[in-house]
Amino acid sequence: ECGLSNRDIAASCRISATVVRGYLSRATEAGLSWPLPTNLGDAQLEAMLFPAAKLAPEKQHAAPDWAVINTELKRKGMTLQLLWVEYREKHPNGYCYSQFCHLYGEWKKLSEPRMLQTHKAGDKLYVDYSGVTVPLIDPRTGEVTQAQIFVAALGASSYIFAEATASQSLTDWIASHCRCFAHLGGSPRVVVPDNLKSGVTSPCRYEPDINPTYAKLAAHYGIAVVPARVRTPRDKAKVENAVQQVERRVLARLRNHTFHSISEINAAFLPLLELLNSEVMQAFGASRKDLFEKIDRPALRPLPVQPYRPGIWGKARVNVDYHVVVDAHRYSVPFEYIGQSVETHLTDTAVELFSANSRIASHARSHVRNTFTTVREHMPPAHLQTEWREKEFLAKATKHGAQTVRLISAVIESRTVPEHSFRACMGILRLAEKYGSERLNAAASVALASSLLTYKSVSAILKNGVDMEPGLESPQDKPPINHENVRGADYYRQSEEVLNA
């Protein structure tokens, strides 16, 4: 109408000249001219310029039974590709593999709709470990170990806490929770962990068994532990996202750093975590830290006056020797509890034993394996009178030689409770029936020289013939040396008499 070129029209309308040419071509094909009819609306104009394309008749494909396919996929080793191969064997003109997978995904979305989670302030804390670890190099040996990354995220503010630990053991798991609560300045109402062994001893969809130590932690802080369902990551989507953020925004930046201790890793974490929590999230228009200060922190429960003392809780049965095995060491309890099940609480410095929520024994922790820690008050009266048994073993040992007597005496003295040595003494003395008194006495000398005060050690000495090797005889048992060049004690005694005269 104005006599402008396509380029001028494009410049005026701020579109490309190609688009202008396309519109003019479509108007010509539709039989339109200027001015447009007054009764022509926008929808009718669009329909005339962009008529529906004539589609080829759609091929009819045999529709798979998606419910059956979904059930088959739950079998171990089953894949969607194998099910598609079986489908094409029955229907050669069926869907191709890509369309088959696409249609199955669409069916699954409709058949398993997801519920939108609403997070209340200070309500839930989601915890998990990252799949990415940090190499830790021992500066003395050069040994490389992998530090684990503990991650926690609050539900309402998405505030992230993360730290490095030596392992995913129960001790580190509990300690990370304590440090997380201290960092947050309060505790949530619910903690949602994954089903790792440190938190859940027996996973179950309806009634999972919580680790006893983890349950004690929850009771101390007044929180509830509600594990996520097995193989259902969307139950803990908050921490899944937090783990991804930590891996991308923290761990990736430290990939070229060399660390020699856990404290070095956590020191490097602090500024990067602060930066991550301070960045504005586009979806909320605020940072995680701002939302935490406004929403979550005021709603958190106050921490107990005394912090939780990390320790490992467990159960054990009292043996007939009124001792309980804890971390490969035996601790005594009052003999009245023989055969009963008791609770054990193991810390870095102490071992406590409980029955019916009452402490029945407490010991300083020992790291010596396969030995005893016994309180005499825990012993039955009959075991307090043991001197006659000791004398009996020593009397039998005199038949085999002085070294055997010394060995039996040392074995008895090496045990806190003499009764624990009686079976070893009995076994050592019976070795004389197989090897003879002379060899037993020689073996006792070897065992004393090396402080080998067990039946197994003496038996091994005799079995391997160590007692028969030259140069191992005890000085007390060596016969006197008779030689013309050896003057002996009598010579020096006579010389002394002459001088005194």
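Residues numbered from 1 in each chain as written. Predicted model: local features only at pLDDT ≥ 70, side-chain atom pairs only at ≥ 80, totals over all residues. Heavy atoms only, no water.

## Describing the sheet that holds strand S13 (residues 329-332)
Turning to step 1, where the next piece is worked out: The 3 strands lie next to each other as S12-S13-S17, forming an open sheet whose pairing is mixed. Only two strands of the sheet have a single partner each, and these edge strands are strand S12 (323-326) and strand S17 (372-373).
Turning to step 2, where the next piece is worked out: Taken together, the 4 bridges between S12 and S13 define a ladder with antiparallel strand orientation. Bridge assignment links Val324 to a residue of S13, and that residue is Tyr331. (Pairing = 2+ DSSP bridges. Helix = DSSP H or I, 4+ residues; strand = E, 2+ residues; numbered from the N terminus.)

## With respect to the packing of aromatic side chains
Turning to step 1, where the next piece is worked out: Tallied over the entire structure, the rule returns 14 aromatic pairs.
Turning to step 2, where the next piece is worked out: An angle of 80° between the planes, with centres 5.9 Å apart, marks the rings of Phe150 and Trp173 as edge-to-face. A residue pair is termed long-range when its members are at least 10 positions apart, and Phe150 in strand S3 (residues 144-154) and Trp173 in helix H7 (residues 170-184) qualify at 23 residues.
Turning to step 3, where the next piece is worked out: Ring pairing ties together the aromatic residues Trp66, Tyr87, Phe100, Tyr104 and Trp107, which thus form one cluster.
Turning to step 4, where the next piece is worked out: The ring of Trp313 carries Lys216 above its face, with NZ or CZ at 4.4 Å from the centroid. (Phe/Tyr/Trp six-rings, centres within 6.5 Å; stacked < 30°, edge-to-face > 60°. Lys NZ or Arg CZ within 6 Å of the ring centre and 35° of its normal.)

## A look at the packing of H7 against helix H8 (residues 212-221)
Turning to step 1, where the next piece is worked out: For the pair H7 and H8, interaxial distance at closest approach is 10 Å and the crossing angle is 15°. The angle between H7 and H8 places the two elements in the roughly parallel class. In the packing of H7 onto H8, the handedness of the crossing is right-handed. Residue-level contacts link Leu170, Trp173, Ile174, His177, Cys178 and Phe181 of H7 to Thr213, Tyr214, Leu217 and Tyr221 of H8.
Turning to step 2, where the next piece is worked out: Here the residues of the contact of H7 with H8 are counted per class, giving 8 nonpolar, 2 polar and no charged. (Axes fitted to C-alpha atoms, helices over the stretch in contact; angles between N-to-C directions. Parallel < 35°, antiparallel > 145°, perpendicular 65-115°, else oblique. Left-handed = near helix turned anticlockwise from the far one by under 90°. Contact = heavy atoms within 4.5 Å. Nonpolar A, V, L, I, M, F, W, Y, C, P; charged D, E, K, R; others polar.)

## Points about a nonpolar patch on the surface
Turning to step 1, where the next piece is worked out: On the surface, a cluster of nonpolar side chains totalling about 330 Å² of accessible area is made up of Ile15, Val19, Tyr23 and Phe50.
Turning to step 2, where the next piece is worked out: For Tyr23, the location among the structural elements is in helix H2 (residues 17-30). (Patch = residues over 30% accessible without salt bridge, like charges linked within 9 Å, V, L, I, M, F, W, Y side chains within 5 Å. Areas by Shrake-Rupley, 256 points an atom, 1.4 Å probe, with all protein chains shown as cover. Salt bridge = Lys/Arg side-chain N within 4 Å of Asp/Glu carboxyl O.)

## Looking at helix H9 (residues 237-251)
Turning to step 1, where the next piece is worked out: Spanning 15 residues, H9 covers 20 Å between terminal C-alpha atoms, matching the ideal 21 Å at 1.5 Å per step.
Turning to step 2, where the next piece is worked out: If you check which residues of H9 are buried, you get Val239, Ala242, Val243, Gln245, Val246, Val250 and Leu251. Along the axis of H9, the buried residues cluster in a sector spanning 165°; they form a single face.
Turning to step 3, where the next piece is worked out: The elements touched by buried residues of H9 are strand S1 (124-129), strand S2 (134-137), S3, strand S4 (160-165), helix H10 (262-278) and helix H11 (288-299). (Expected span 1.5 Å × (residues − 1). Buried < 20%, exposed > 50% of the residue type's maximum accessible area, 1.4 Å probe, protein only. Arc of directions from axis to C-beta.)

## What to know about the sheet that holds strand S11 (residues 312-317)
Turning to step 1, where the next piece is worked out: Judged by pairing direction, the sheet is antiparallel, and its 4 strands sit side by side in the order S11-S14-S15-S16 without closing on themselves. Looking at which strands have only one partner, the edges of the open sheet turn out to be S11 and strand S16 (358-364). Averaged over all adjacent pairs, the angle separating strand axes in this sheet is 25°, with direction ignored.
Turning to step 2, where the next piece is worked out: Summarising the sheet, S11 and strand S14 (residues 341-346) pair through 6 bridges and their orientation is antiparallel. Paired with Ala316 across the strands is Val342, a residue of S14.

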